[in-house]
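# Secondary and tertiary structure notes
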Amino acid sequence: MHLDLEEKVILVTGGTKGIGRAIVSSFLAEGATVHFCSRTAADPDPSHPADRAISATVDVSQPSQVASWVTSCASQSGRIDAVVANVSALAISTDDAAWQGAFATDLMGTRALVDAALPYLEVSKGSVVTIASVSGRVLDFTALPSPYGPMKAALIHYTAQLARTGAPKGIRANTVSPGNIYVEDGVWGNVEREQPDFFKKQWAENPLGRMGRAEEVADAVVFLASKRAGFVTGANMLVDGGLSQGIQF
Ligand SMILES: NC(=O)c1ccc[n+]([C@@H]2O[C@H](COP(=O)([O-])OP(=O)(O)OC[C@H]3O[C@@H](n4cnc5c(N)ncnc54)[C@H](OP(=O)(O)O)[C@@H]3O)[C@@H](O)[C@H]2O)c1
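Attention here is on the structure that accompanies the text. Quantities reported herein were computed from a predicted structural model and do not represent experimental measurements.

### A few points about the environment of Asn86
- Mapped onto the secondary structure, Asn86 falls in the loop between β4 (82–85) and α3 (96–124).
- On the accessibility criterion, Asn86 (13% relative accessible area) is buried.
- A C-alpha to C-alpha distance of 6.2 Å links Asn86 and Gly20, two positions 66 residues apart in sequence.
- If we skip the residues at most four places from it in the chain, Asn86 touches Thr13, Gly14, Ile19, Gly20, Ile23 and Ile131.
- A distance of 3.0 Å separates the side chain of Asn86 from the backbone oxygen of Gly14, its partner in a polar contact.

### Comments concerning the site of the ligand
- Close to the ligand lie 27 residues; Thr16, Arg39, Thr40, Asn86 and Tyr148 are nearest.
- The separation between an oxygen atom of the ligand and a polar side-chain atom of Lys152 is 2.8 Å.
- A distance of 3.1 Å separates an oxygen atom of the ligand from a polar atom in the side chain of Trp188.
- Summarising the interface, the protein chains cover 92% of the accessible area of the ligand, which totals 890 Å² for the free molecule.
- Those elements that provide at least two residues to the shell around the ligand are α1 (18–29), α4 (148–166) and α5 (187–194).
- Residues that form the shell around the ligand fall into these classes: 12 nonpolar, 11 polar and four charged.

### Brief notes about the environment of Gln161
- Take Gln161: it is sitting in helix α4.
- C-alpha of Gln161 to C-alpha of Glu184: the two residues are 23 residues apart in sequence and 35 Å apart in space.

Cut-offs and rules
Residues numbered from 1 in each chain as written. Predicted model: local features only at pLDDT ≥ 70, side-chain atom pairs only at ≥ 80, totals over all residues. Heavy atoms only, no water. Helix = DSSP H or I, 4+ residues; strand = E, 2+ residues; numbered from the N terminus. Buried < 20%, exposed > 50% of the residue type's maximum accessible area, 1.4 Å probe, protein only. Contact = heavy atoms within 4.5 Å. Polar contact = N/O pair within 3.5 Å; in protein donor to acceptor, adjacent residues only side chain to side chain. Near = heavy atom within 4 Å. Areas by Shrake-Rupley, 256 points an atom, 1.4 Å probe, with all protein chains shown as cover. Nonpolar A, V, L, I, M, F, W, Y, C, P; charged D, E, K, R; others polar.

Right, dumping it as structure tokens:
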């Protein structure tokens, strides 16, 4: 399937590690120009085409930084075709700071990205992809209670609102909800090193007999962002290998 992403300009938050890094690589492989950000300045990735992979230092919990980044991407590349809100505070803790940080990063960070990008997406008839989690729709080990699942549930709802309000302007919005995604230097790699028994138990809960790969999430994101998904909007696509139980109507 040809996704027609050459000449397209994509913004990805949190593009230097884990799932975000795979999303950046997948868009680059399709010929797109990709702007991505992280809080820590990224070393140039030798596998990236330098002219089409443009990194920036941005903290998405700071709306003014997000707005300036979006404006500068658009002025540098002349257009924006899709934005991917990938960053999460990954807040699996019960304290006030975790709740406030999760709200500022997961929800308000996404809102800041979308608000700044909407004028450009209206011109390109572009799309928004938000990254939630199976934890947004099932009670799992993160439900301590912690802010992680509630923020992901809110993101799914917010994205559905965007789909409804954006449709008359030709803007689509979808969510991708990953299950357990194993990256050696990522969240589950850390769990494997620090909590080996819990890691084995969680690995075994995956019906396909393994955790997912970041590239498998990235492929879903790239498809949904592309015009080949032109009639898909308001969807919450699970990429969880059958981990979450319950029927999604
Ligand atoms: N891994 C999983 O199994 C899994 C499962 C379900 C859902 N997800 C979701 O997938 C998304 C990515 O998770 P991941 O596991 O790939 O995370 P990760 O490996 O920790 O990578 C996070 C990326 O975001 C950047 N980042 C973090 N906070 C930021 C901030 N405030 N502003 C800008 N950049 C920031 C990080 O760089 P810096 O640290 O340098 O800022 C890094 O590039 C999240 O939304 C997560 O909830 C992951």
